[in-house]
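# Structure assessment
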Amino acid sequence: MLALALLVGGSVVALVGQHTAAQAGPAIVLSLLLAALGAWLVLCSLRDALRAQPDGSGLHDLLRAAWGRRVADLLLLALVLELTATVAGAAQSGARHLYAVAATLGVEPRQWLPVQVVAAVLVLATAAMALLRPRRAVLLACALLTLKFGIGALVLVLAARHVHYAHWIPWLPNAVAPYRFGVGGVVAASVPLLAVFASTGLLLVVAPLVSRPRRQLVLAVGVAVPVGMLWLMVLAALQSGLVAFPALASTRPLSVALQGLTQLQWLLPLLPAAGAAGLAALQVVLVLLATTLCLQRWAGGGERQPLQRAAVIAWLGTAAALLAVWLPEGLLPSLPGPLALIALAAVCAGQMKQSGAARVRAPLATALCLLPLLQRLF
């Protein structure tokens, strides 16, 4: 469930619609498949890194073994800061989703309550949820993610009968300006999705807390990636079958697809509510990951010491709330960003010293981590 929260807890549905619709065309499901296959190679390299270290080695230990303590500390600190900023960005995005729910009900709270204030409240609520015992905090994130999946499944069941097959043909049309349909568009659209799938490698953070991390983490991610890929493939196919494809280049593609169906417009308030639930789950998971990183590195592995854990969560929550209030909308990331990719690429690159298949997979996995990073920068 942690891996699924990293995959679909954020704005990945909007990413599928807005950022990849204009490139892949109806063949966007092939982009999801390519991204998942690339992520599998990255995850195999991360598994090789776990195998090369004793049981219980986490992200910091893997980075230190490959690049030394100083580089590992620097990357870890940068990653914690990025996770904190992502919590704030996800809170701002969640606040916008709640405002969208209110707008469908005829209420406009934006006129008297800024998004940043609501986002700061959401961050503090997330910190309060993370203060629960880790197992209960994870169960709460699971409940929020289940709400998102449940609403998504309801939409899929009710809207499936309205799909028009003509919107799916042809799947690989020729390039039509300003869109990049065709094989090149499919490959280009898979790059940002690859970053989302590869972010499940952040579960290396919790490796010291797992009794058999090499088996259990690989199994968890190995199940979550294809499940997330299949769910998103079905959702993308539904979206592109309900409406002419260029209309899906929107921040809320499924809402756009349902607006033309009068008998299903009662579902419109549920869609942003599902997005808000998924973003809340993502915030809880990111706070838990950042807290675990801080405790493992700077508190001597004090995960079981409640006072240290509470102090770290309070610090992270306060920092994220301040970022949510001070920085304007759209500036903060709402999904794990470039520094997470750099950390995972560093772990993969460290396996180039190994022998056998690990040495072959390492450069390919490193390149696949850096590819979406370059795409974000340029």
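Note: the structure precedes this text.
This section reports on the structure supplied with the text. (Residues numbered from 1 in each chain as written. Predicted model: local features only at pLDDT ≥ 70, side-chain atom pairs only at ≥ 80, totals over all residues. Heavy atoms only, no water.)

This next bit is on the overall build of the protein chain. Looking only at helices and strands, the protein chain features 15 helices and 0 strands. At 20 Å, the protein chain has a C-alpha radius of gyration in line with the 21 Å of a compact globule built from 378 residues. Overall size of the protein chain, expressed as C-alpha extent along the three principal axes, is 60 × 50 × 35 Å. Residue pairs at least 24 apart in sequence account for 81% of intrachain contacts in the protein chain once pairs closer than 6 positions are excluded. As displayed, the protein chain offers around 16,300 Å² of accessible surface, 67% of which is attributable to carbon and sulfur atoms. Charge-centre separation for the protein chain: the mean point of 24 positive side chains lies 6 Å from the mean point of 8 negative side chains. (Helix = DSSP H or I, 4+ residues; strand = E, 2+ residues; numbered from the N terminus. Rg over C-alpha atoms; globule rule 2.2 N^0.38 Å. Contact = heavy atoms within 4.5 Å. Areas by Shrake-Rupley, 256 points an atom, 1.4 Å probe, with all protein chains shown as cover. Lys, Arg positive; Asp, Glu negative; His and termini not counted. Charge placed at Lys NZ, Arg CZ, Asp CG, Glu CD.)

Attention shifts here to the layout of surface pockets. Counted as a void, the largest pocket has a volume near 1,000 Å³. What lines the largest pocket is a set of 41 residues, among which Ser11, Ala14, Leu15, Thr251 and Ser334 lie closest to the centre. Of all elements in the fold, only helix H2 (12-19), helix H6 (69-104), helix H8 (134-159), helix H9 (183-198), helix H10 (213-242), helix H11 (253-259), helix H12 (270-298) and helix H15 (357-377) reach the threshold of two or more residues within the lining of the largest pocket. A breakdown of the residues in the lining of the largest pocket according to their chemical character gives 20 nonpolar, 17 polar and 4 charged. (1 Å grid on protein atoms, 1.4 Å probe; cavity = no way out; pocket = protein on both sides within 12 Å on 5 of 7 lines; lining within 4 Å. Points joined across faces, edges and corners; volume = space filled by probe spheres on them. Nonpolar A, V, L, I, M, F, W, Y, C, P; charged D, E, K, R; others polar.)

Attention now goes to the pattern of salt bridges. All told, the structure shown has 5 salt bridges when counted by the stated rule. A salt bridge links arginine 47 to aspartate 48, with the nearest nitrogen and oxygen atoms 4.0 Å apart. Side by side, arginine 47 and aspartate 48 carry an identical accessibility label, which is buried. Given the relative accessible area of 7%, aspartate 48 is considered buried. (Salt bridge = Lys/Arg side-chain N within 4 Å of Asp/Glu carboxyl O. Buried < 20%, exposed > 50% of the residue type's maximum accessible area, 1.4 Å probe, protein only.)

Another aspect to go through is the packing of helix H5 (residues 59-67) against helix H14 (residues 338-349). Following both chains from N to C, one finds H5 and H14 inclined at 55°, their axes separated by 9 Å at the closest point. When the interaxial angle is binned, H5 and H14 end up oblique. Crossing of H5 over H14 shows left-handed handedness. Between H5 and H14, the residues in contact are Leu59, Leu62, Leu63 and Trp67 and Ala343, Ala346, Val347 and Ala349, respectively. Of the residues that constitute the contact of H5 with H14, the class distribution is 8 nonpolar, no polar and no charged. (Axes fitted to C-alpha atoms, helices over the stretch in contact; angles between N-to-C directions. Parallel < 35°, antiparallel > 145°, perpendicular 65-115°, else oblique. Left-handed = near helix turned anticlockwise from the far one by under 90°.)

This paragraph deals with the nonpolar core. Grouped together as the largest cluster of nonpolar side chains are 127 residues, with contacts concentrated most on Leu32, Leu59, Phe197 and Leu258. Sorting elements by how many residues they give to this core places H12 first, with 16 residues. (Core = buried A, V, L, I, M, F, W, Y, C linked by side-chain atoms within 4.5 Å.)

This part takes up the environment of phenylalanine 245. Mapping phenylalanine 245 onto the fold places it in the loop between H10 and H11. Look at phenylalanine 245 and you get buried, because its relative accessible area is 8%. In this structure the C-alpha to C-alpha distance between phenylalanine 245 and proline 26, which are 219 residues apart in sequence, comes to 7.0 Å. Setting aside residues up to four positions removed in sequence, phenylalanine 245 forms contacts with Ala21, Gly25, Pro26, Phe181 and Ser240.

Looking now at the packing of H6 against helix H13 (residues 306-326). Between H6 and H13, the shortest axis-to-axis distance is 8 Å and the interhelical angle comes to 55°. Judged on the interaxial angle alone, H13 and H6 are oblique. Like other packed secondary-structure pairs, H6 and H13 cross with a definite hand, here right-handed. On H13, the residues touching Val80, Thr84, Ala85, Val87, Ala88 and Gln92 of H6 are Leu316, Ala319, Ala320, Leu323 and Ala324. Looking at side-chain class alone, the contact of H6 with H13 contains 9 nonpolar, 2 polar and no charged residues.

Examined against the element boundaries, aspartate 73 turns out to sit in helix H6. The class for aspartate 73 is buried, based on a relative accessible area of 19%. Separated by 2.6 Å, the side chains of aspartate 73 and arginine 297 make a polar contact. Sequence-distant contacts of aspartate 73, defined by excluding residues within four places in its chain, comprise His60, Arg297 and Trp298. (Polar contact = N/O pair within 3.5 Å; in protein donor to acceptor, adjacent residues only side chain to side chain.)

For the rest of this paragraph, the subject is H8. For H8, spanning 26 residues, the distance from its first C-alpha to its last is 37 Å, which sits close to the expected 38 Å at 1.5 Å a residue. Of all the positions in H8, only Ala137, Ala141, Cys142, Leu144, Leu145, Lys148, Phe149, Ile151, Gly152, Val155, Leu156 and Ala159 are classed as buried. (Expected span 1.5 Å × (residues − 1).)

Once that is clear, we can look at H15. Here H15 spans 31 Å end to end across 21 residues, near enough to the 30 Å set by a 1.5 Å rise per residue. Within H15, burial applies to Ala358, Ala362, Ala365, Thr366, Cys369, Pro372 and Leu373. On its buried face, H15 sits against helix H4 (28-52), H9 and H14.

The next subject is the side chain of serine 45. With respect to the secondary-structure elements, serine 45 resides in helix H4. Serine 45 sits in the buried class, given a relative accessible area of 0%. Serine 45 has contacts with Cys348, Gln351, Ala362 and Ala365, leaving out every residue within four places of it along the chain.

Below, the discussion takes up a nonpolar patch on the surface. A grouping of Leu30, Leu33, Leu34, Leu37, Trp171, Leu172, Val183 and Val187 is seen on the molecular surface, where their side chains present a nonpolar patch of about 670 Å² in accessible area. Among the elements of the structure, H4 and H9 are those that each provide at least two residues to the nonpolar patch. When residues of the nonpolar patch are assigned to their parent elements, the largest contribution, 4 residues, is made by H4. Inspection of the secondary structure assignment puts leucine 34 in helix H4. (Patch = residues over 30% accessible without salt bridge, like charges linked within 9 Å, V, L, I, M, F, W, Y side chains within 5 Å.)

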